[in-house]
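The lines below spell out each chain.
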Amino acid sequence: MRGAFLFSVLIGVVLAVSASEKRVSDTSSEELFISPLKTGHVYLHFKFASSTPLKAHYAHTDYLPKPVVDILEKHSVDELHVRLTQGVFRHSKWGYPILSAPTGGEVWAWFKPDAEGLPEKWKGLTNSLSGLLCATFSKIDTANSLSPKWNFRPEGLVPGGNLNSSLSRYSMLPGENVCTENLTPWKKLLPCSDRAGLGRLLNSIKLLSAHYFSLSLDVTPVCADVACSQKRLAIEITATAVVAPGSLQDTNQLNWSIRDLLEMDLDTGCPLTDKSHILVDQSSQGQMVFWPSSTFTLTHSPSAKGRIAVYDLKHNQTWEKSRGLGGKSTARLEHGTERQPIISAHRFVAGYGQQNGGIRCVIENTHPTAAITVSYLEMLPWFLRVYFHTIRVKSLVDGRPIPLLKSHFGPGRDRLAPHHIEVIFTIPAATTVEFGVDFDFTLLKWTEYPPDAHRGFDVPPAVIGVKLDQPGGQCGDFIFPAEFSQLGGGQMRDTATASSDGQKRDTATASSDGQMRDTATASGCFLRLYTEPLLVSLPTPDFSMPYNVICMTCTVLALAFGPIHALTTKNFKLIDLAENPPLLERVKRKGQLLLTKFRKTPPAVVVVAAEEEDDQQPDVHDEDVKNSDSE
Amino acid sequence: MGLLTDPGRSDKFAKLLISHHTKLSVVVYIVGLCWLFALVDDNFNLRVKISENALLPGLVQSGFATEDEGFAKKAYKTLIEQQKNGNGSFPADEIKDSFRKIGLDVYDHFYNFQNRSSADRTTVQQGRNIYAILRASRASSLESVVFAVPYRPASTKHIRTEGGIALLLALANQSKHKHYWAKDIIFLVTSNEHFGAKAWVEAYHGVSQASKKNFSDTPLRGRGGAIQAALVLEIPGSDIDYLDLRLVGLNGQMPNMDLFTLTRSLFGNQQIPLVIQGNAKLLDRYPEDFLGKYLRDLETAGKMVAAAASGALEGIHGFFQQCNIQSLSVRGLTRSGTGGRGKIGFRDLGITLEGICRSLNNLLERFHQSYFFYILPSATRFVSIGLYMPPLGLIVLPVVLRALALWAKGTSTDEPDKASVNSSTMGAILPWLLLAHGISFGTFFGHVYLGRDLGLTLGVSTFLAFSLPLLASRFMSRADADLLKSVNLIEMAVGLYALSMLNFSLALVIAIVSVPVAVWATAVTAHDSPIRLLNALLLFVSFPIVPLIGRSVCENWSDLLALVPHWESVIVHSLKGVSASFVEYSEYGNWLVPVAFLFLLPLWISNWVIFWV
């Protein structure tokens, strides 16, 4: 978590000095964090970080991906966060990840205060990202983006000092599928690409068949030291995966190795990076044997149970050819002993049928004594007609309503803006609360339905921001010692002290008084959770219906046309029936005539027939006049 | 199109109708009936097919191996033992533990309910459902498939289901590490028959039952997104002879035909004998002769229509269907002769269920192709809604004809002098209509919502209905009676056509019986004609409560015979059928009672009144 870096100031100074000695002004580092989970899965977190002095214009970068820097510059972006994720991170089983991400795609940017034409800039930014990462970020428009009030605040420096949320844009694409076509361009942003160092381990086939896989790109302006004498632009590129080793299926035991998980062998680090480390969470050392032994280990200070082995790829770390890096549990897996996270959420669609429905989000606070304040963001697509008066938060323990400390409701507009619900409330200790809102479904225009209309429509996940009172400023279940950032980071993060010059770093804090509070306090950490995305089924027309309607309409029109045309175009006049007998009568008469003539002189037939044809035209008129007479 | 522009002809048409409608009615009714019965024959219906391409049944290689069968057998044995040790109580903790050991996310669902049809109807009982979710590895819990088993104690009078639970465990164990799942799989074990299943399905959809008296439950803590399909397993054990597919849900609701076809074809691939709606004759050799074949198909279709018309619950799949989830029940049965040692074991069933799950997993969209309204005369043929609606239209047509004829006669201007004497207005008949409907609605709502005793409300309404003619003979003229007849028949026709859209089978059964009665009863007969007596009898028998009583009489025939000397208890016993129907309505919304009391009873009361004018 970001919190991991909050106390890295001192060491950062040292690093900054060492970096300045080199000719290149950029720093770069890579690290892989591995944690075997109690469910038998292995959590992998690759982080590639680099930074460069903050400038108005970058003619050249050493390690930072130039395309990214160019995009930032072109679209006046101060801070940018992009996530592409496949699957859901199961907090109740795996704990909290180092970096949370919603299913599908997410883009979140903070623009420069002097940026003009923000909508166009935002459109341009998402289109550029779309090209950069081969994702459908180009689908982002005003209809699925908003400016969050409290949940998303700048994570780095705000050079202009303007914290107005109207400068931010946020969007989620829940239907986005992440595949090799995203991973390949993403790998190209790394200093050594996938040719050397940890980048080599990024095996597409293995990573993309993981239970959870997330790519991210974070660009933040940061301070290089306490006094903030130097400002830097930091880029962090991470990949997170939760993979199941093959042994899980065969023996119900956790037996993993890098070779087994990624089908790749370890190498020395990327030569362009300053640091290259592999960190293995050995907290479960009692139940697991790890190999090889590390150069040194870190112990998590507050709880003292955490233990992380550090392997430095830059310092001639050697790997046994046959075994590489790995671990083996000594006992069989015991399911259901996973830890209970302090705060967990579960969201679902309420109701059935295609007329109306609702969304419910159950948030549970398992902390026995502490009440937790959360800020909840819901971005609902415009095609759900949300009834804002139905928004309620109630305790599921005693059914009492939970008061909203702050709330923001932005009604959606058809095809233009999503519904924006952002509320802050406090969950009492050991209580489960339910957020609920009701809506009606709408019929879309018939060309707006996707080809697979019956699959349903994606509703993006809800975002829950929590400030936890954890010692050491850490929320993650992965023990990530403070000292660790000196190894992994290469760049500095600004801290609360940076606010001395008025450049304050804020994160979404759910404070009751509505005042933004810095997260970088000694005892707090900010945790962001994403719920599962949802599928709602809108009323879908039978698409063969237009055909039926056309057939039906044509038939009715054809049937009605004849008489109406006849009535409106005919000339009505009075005719004496004795002179002009009705058609039937005349045919009968003619028939008789014909019959008599036929018996006498056969050649006369032709003449009579010709006469009859001549008579046809007035006959019709006669008929009609007769009808109107009888009326 | 002359009719549109020439009002003179409609008069002619009215005259034609008045003079010929009786003949026409008889012809139309008979043609409709013949047409309907012809539909059962293969020449007039269609062959079942899979419309949804994504299902791709039977294309995957099965992974359910001998060791999985062993797992199922072991689970079955353990379950039976647990059942014995626990004195027949639901071994929920043990089942939960088994799922947890496999590595699934296991959740509880507790609920309290009141069983109004049991002996201790006032005590609030506690129930519990167990469900386990197999999370699809790369998916984000957007969609899911449910396999459900209603747990039944060893003393149950229904089919036992321990085999089904063992199969669930084996399936979960077999498929837990597979990477190809795109949808979560929910393994559900419900208890207390429909109480548990209904509670779970409604809790899953967050539908509040809080308003319901004496019901409460805990919220579900885990879900798997939108449920695409649900398969209910009622498998007693590993040695069964054949399977019985139950499709009909509540109020004649049916699952999408693709789900049925998928299930049928995969069981067929595994050579498992299959019947539908419990017609065991389907197991015999296919009859060679036309008549034998026809009668067999007719029986199967008849059973399906009967099941749909009764609206009663055939299995817990009905609740899934109510929530727009395609669902059916699979029952494992043994033939009476084999002594419970059937040839079909867990392996065959496991392979098929795995296949069904894989096919459902392939679904890209929820079931929307194929048919939702159909009747199956055999496992391979079906009659679609487009085929069976026209005959029903014809069968109900006599009511419309008679109504129009009566209306035309009442408003006819042929004999102006006579018309002034005979004419009536809507105002004159309105009180009668209100009375008839008032009595019926009072009976229904008095019992259902005000909680008045059923015997009391029925008694009062019957007394009122039967005494109404006394009033009518003094205040109603013949012309009023004719108009009332006409309005009555129009109401009936509209009601039947509307009902046929919701529950075709119920509309059909009512139409076949009540159309001749209604048309006959409204025929003008002289006061002293012998036909009149027959008419009275017919009307009396068609009193809507009679079939409800008849149902309980048929079901408890032997009990009633024993009770014959004590006539009071016979009446109480007969009324049980009516009371049971009311309970079915309030517990899971069977429409039979509302249809009888809110639609048929007012019609009958009006007819009864007209008869004595």
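These notes cover the structure that comes with them. (Residues numbered from 1 in each chain as written. Chains lettered and ligands numbered in written order. Predicted model: local features only at pLDDT ≥ 70, side-chain atom pairs only at ≥ 80, totals over all residues. Heavy atoms only, no water.)

### Quick look at the overall build of chain B
Counting secondary structure elements, chain B contains 21 helices and 12 strands. Within chain B, the proportion of its 613 residues that are buried is 54%. For chain B, contacts bridging at least 24 residues in sequence account for 81% of all contacts bridging at least 6. Put simply, chain B shows about 26500 Å² of open surface, and 62% of that area lies on carbon and sulfur atoms. (Helix = DSSP H or I, 4+ residues; strand = E, 2+ residues; numbered from the N terminus. Buried < 20%, exposed > 50% of the residue type's maximum accessible area, 1.4 Å probe, protein only. Contact = heavy atoms within 4.5 Å. Areas by Shrake-Rupley, 256 points an atom, 1.4 Å probe, with all protein chains shown as cover.)

### Topic: the sheet that holds strand β11 (residues 288-291) of chain A
Residues and elements named next belong to chain A. Strand order in the open sheet formed by three strands is β9-β14-β11, and the pairing between neighbours is antiparallel. Two strands in the sheet have a free side with no partner beyond their single neighbour: β9 (255-257) and β11. Across the sheet, the mean angle separating the axes of adjacent strands is 10° when strand polarity is ignored. Relative to strand β14 (residues 326-329), β9 runs antiparallel, the two sharing three bridges. Counted as the bridge partner of Trp256 is Gly327 from β14. (Pairing = 2+ DSSP bridges. Axes fitted to C-alpha atoms, helices over the stretch in contact; angles between N-to-C directions.)

### Thoughts on the pattern of salt bridges
Summed over all chains, the structure comprises 39 salt bridges over all chains. Of the charged contacts in the structure, one is a salt bridge between Asp244(B) and Arg246(B), with a shortest N-O distance of 3.0 Å. Each member of the pair Asp244(B) and Arg246(B) is classed as buried. The network of salt bridges with common partners includes Lys93(A), Asp105(B), Arg135(B) and Asp184(B). (Salt bridge = Lys/Arg side-chain N within 4 Å of Asp/Glu carboxyl O.)

### Topic: the interface of chain A and chain B
Between chain A and chain B, the contact holds 42 residues from the first and 34 residues from the second. Taken together, chain A and chain B are joined by two salt bridges. A salt bridge links Glu364(A) to Arg221(B); the nearest nitrogen and oxygen atoms lie 2.9 Å apart. For the interface between chain A and chain B, the tally reads nine residue pairs in polar contact (both at pLDDT 80 or more). Mapped by element, the contributors of at least two residues to the side of chain A that touches chain B are α7 (246-251), β15 (343-350), β25 (534-536) and α10 (545-569) of chain A. Counted by class, the side of chain A that touches chain B contains 20 nonpolar, 14 polar and eight charged residues. (Polar contact = N/O pair within 3.5 Å; in protein donor to acceptor, adjacent residues only side chain to side chain. Nonpolar A, V, L, I, M, F, W, Y, C, P; charged D, E, K, R; others polar.)

### Considering the environment of Glu263(A)
Residues and elements named next belong to chain A. As for its placement among the helices and strands, Glu263 is situated in the loop between α8 (258-262) and β10 (275-281). With a relative accessible area of 53%, Glu263 lands in the exposed category. A sequence separation of 196 residues divides Glu263 from Pro67, and the C-alpha atoms of the two residues are 30 Å apart. Each residue touching Glu263, except ones within four places of it in the same chain, is listed here: Asn203, Lys206 and Ile258.

### Re helix α2 (residues 66-74) of chain A
Residues and elements named next belong to chain A. Of the residues making up α2, those classed as buried are Val68, Val69, Ile71 and Leu72. Axial view of α2: buried residues confined to an arc of 160°, hence all on one face. The secondary structure elements touched by the buried residues of α2 are β3 (77-86), α4 (118-133), β7 (212-223) and β8 (231-243). Ser76, located one to two residues past α2, shows a positive phi value of around 55°. (Arc of directions from axis to C-beta.)

### Brief notes about the packing of aromatic side chains
This structure, assessed with the given rule, holds 40 aromatic pairs over all chains. Centroid distance Phe439(A) to Phe441(A): 5.5 Å. Interplanar angle 65°. Geometry classified as edge-to-face. In this structure Phe441(A) comes out as buried when scored by relative accessible area, which is 11%. Geometrically, the ring pair formed by Phe113(B) and Phe195(B) is stacked, given 4.5 Å between the ring centres and 25° between the ring planes. Of this pair, Phe113(B) sits in strand β2 (residues 105-114) while Phe195(B) is found in helix α6 (residues 193-204), placing the two residues 82 residues apart along the sequence. Taking relative accessible area as the criterion, Phe113(B) reaches 3% and is therefore assigned buried. A residue is classified by how much of its surface remains accessible, and Phe195(B), at 13% relative accessible area, is buried. Feature note: the residues Phe441(B), Phe444(B), Phe445(B), Tyr449(B), Phe582(B), Tyr585(B) and Phe597(B) constitute an aromatic cluster, connected by ring pairs. Cation over ring: Arg223(B) sits above Phe348(A), and NZ or CZ is 3.3 Å from the ring centre. The ring of Tyr204(B) is capped by Arg223(B), whose NZ or CZ atom sits 5.7 Å from the centre of that ring. (Phe/Tyr/Trp six-rings, centres within 6.5 Å; stacked < 30°, edge-to-face > 60°. Lys NZ or Arg CZ within 6 Å of the ring centre and 35° of its normal.)

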